[in-house]
Amino acid sequence: MFNPRIKFVLLAGVVAGLMSCGSDPNDTGTEFAPNMYHSVGYEPMTQTQGDTNTINPLGMNMRLPVKGTVSRKRYTGSDSLKQAFLAQEMIAKTIPNDSISYSEKSLYNPIAATPENIEAGKAQYERFCQHCHGEAGKGDGLVAKAYKGVPVYSSDALKTMNDGHIYHVITHGKGRMWPHGSQISSENRWKIVLYVHELQKQ
């Protein structure tokens with residue numbers, strides 16, 4: 001026969017199981033660790049009076065960035081250039097991915113076409129574009145040999161592409177070209193635009 005202790009444990013389990021049942025379908029019963037079910041949700045980008053966050057320094061909801069962290073939204077140059085960048089970004093964000101004609105009419109390059117900026121655009125082009133579009137923008141990069149249909153910048157169809165058109169395609173992609181907006185900063189995309197204009201002239 002069963003040991004009396006085992007009988008007691010089984011009886012206690014049955015009683016506990018029956019007691020945990022109720023008529024209210026929304027009753028979750030007794031929670032062993034309620035903090036795991038009802039944790040306090042902190043909004044990372046806000047800081048309101050009376051926050052109960054006692055873990056982070058000064059009660060902050062968000063940790064300070066690691067020392068040496070570089071912002072992806074960092075702009076170089078004067079305050080007026082920064083404002084121009086922000087204005088163009090605000091406009092660009094309102095343009096749907098498939099509305100390249102809006103970009104052609106609304107966007108302009110806030111970066112001056114100086115030799116330094118064109119050279120910086122060339123460096124970015126070589127890093128992100130040359131493998132498909134080729135060194136001279138002739139659509140003959142190493143990838144293009146297998147991935148057919150890469151356009152030639154100096155062709156009649158493309159040699160008049162303006163700033164907004166090129167920036168839109170870099171950002172959102174077109175046809176079989178994938179978007180690069182998440183890989184290349186806005187500033188560097190505009191510098192690539194400067195260099196593409198140089199390739200259009202060839």
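Thresholds applied
- Residues numbered from 1 in each chain as written.
- Predicted model: local features only at pLDDT ≥ 70, side-chain atom pairs only at ≥ 80, totals over all residues.
- Heavy atoms only, no water.
- Helix = DSSP H or I, 4+ residues; strand = E, 2+ residues; numbered from the N terminus.
- Buried < 20%, exposed > 50% of the residue type's maximum accessible area, 1.4 Å probe, protein only.
- Areas by Shrake-Rupley, 256 points an atom, 1.4 Å probe, with all protein chains shown as cover.
- Salt bridge = Lys/Arg side-chain N within 4 Å of Asp/Glu carboxyl O.
- Patch = residues over 30% accessible without salt bridge, like charges linked within 9 Å, V, L, I, M, F, W, Y side chains within 5 Å.
- Phe/Tyr/Trp six-rings, centres within 6.5 Å; stacked < 30°, edge-to-face > 60°.
- Lys NZ or Arg CZ within 6 Å of the ring centre and 35° of its normal.
- Expected span 1.5 Å × (residues − 1).
- Arc of directions from axis to C-beta.
- Contact = heavy atoms within 4.5 Å.
- Lys, Arg positive; Asp, Glu negative; His and termini not counted.
- Charge placed at Lys NZ, Arg CZ, Asp CG, Glu CD.
- pLDDT = per-residue confidence, 0-100.
- Polar contact = N/O pair within 3.5 Å; in protein donor to acceptor, adjacent residues only side chain to side chain.

(A) Highlighting the overall build of the chain. Of regular secondary structure, the chain possesses 8 helices and 0 strands. Helices and strands appear in the chain in the N-to-C order α-α-α-α-α-α-α-α. Taken across its 202 residues, the chain has 31% of its residues classed as buried. Carbon and sulfur atoms form 59% of the exposed surface of the chain, whose accessible area is close to 14600 Å².

(B) Seen up close, the pattern of salt bridges. Enumeration over the complete set of coordinates arrives at 3 salt bridges. In this structure, Lys159 and Asp156 form a salt bridge, with 3.2 Å as the shortest nitrogen-oxygen distance. Overall, Lys159 belongs to the partly exposed group, its relative accessible area being 42%. Glu187 is the salt-bridge partner of Lys191, the closest N and O atoms lying 3.3 Å from each other.

(C) How the structure looks around a nonpolar patch on the surface. A surface patch of nonpolar side chains, about 330 Å² in accessible area, is lined by Leu11, Val15 and Met19. As for its position among the elements, Met19 is in helix α1 (residues 4-19).

(D) Layout of the packing of aromatic side chains. Summed over all chains, the structure comprises 3 aromatic pairs. Following the ring pairs from residue to residue traces out a cluster consisting of Tyr125, Tyr153 and Tyr195. The ring of Tyr147 has Arg176 lying over it, and the distance from NZ or CZ to the ring centre is 5.0 Å.

(E) Fine view of helix α3 (residues 79-93). The first and last C-alpha atoms of α3 sit 21 Å apart over 15 residues, in line with the 21 Å expected at 1.5 Å per residue. What α3 keeps buried is the set Ala84, Phe85, Gln88, Glu89 and Ala92. Angularly, the buried residues of α3 cover 135° about the axis, an arc narrow enough to put them on a single face. Exposed side of α3, more than 90 degrees from the buried face: Asp79, Ser80, Gln83, Met90 and Lys93 are the residues found there. Against the buried residues of α3 lie α4 (100-106), α7 (163-172) and α8 (186-200).

(F) A negative patch on the surface, seen in detail. Together, Glu119, Glu126, Glu135 and Asp140 make up a negatively charged patch on the protein surface. On the secondary structure map, Glu135 appears in the loop between α6 (130-133) and α7.

(G) Local environment of the confidence of the model for the chain. Considering every residue of the chain, the mean pLDDT works out to 83; 83% of them sit at 70 or more. Across the chain, element-level confidence peaks in helix α5 (residues 115-128) with a mean pLDDT of 96 and bottoms out in helix α2 (residues 34-37) with 70.

(H) Here's a closer look at the side chain of His197. Examined against the element boundaries, His197 turns out to sit in helix α8. Within the structure, the side chain of His197 is placed 2.6 Å from the side chain of Gln200, a separation counted as a polar contact. Apart from residues no more than four positions distant in its own chain, His197 is found in contact with Met161, Asn162, Asp163 and Ile166.

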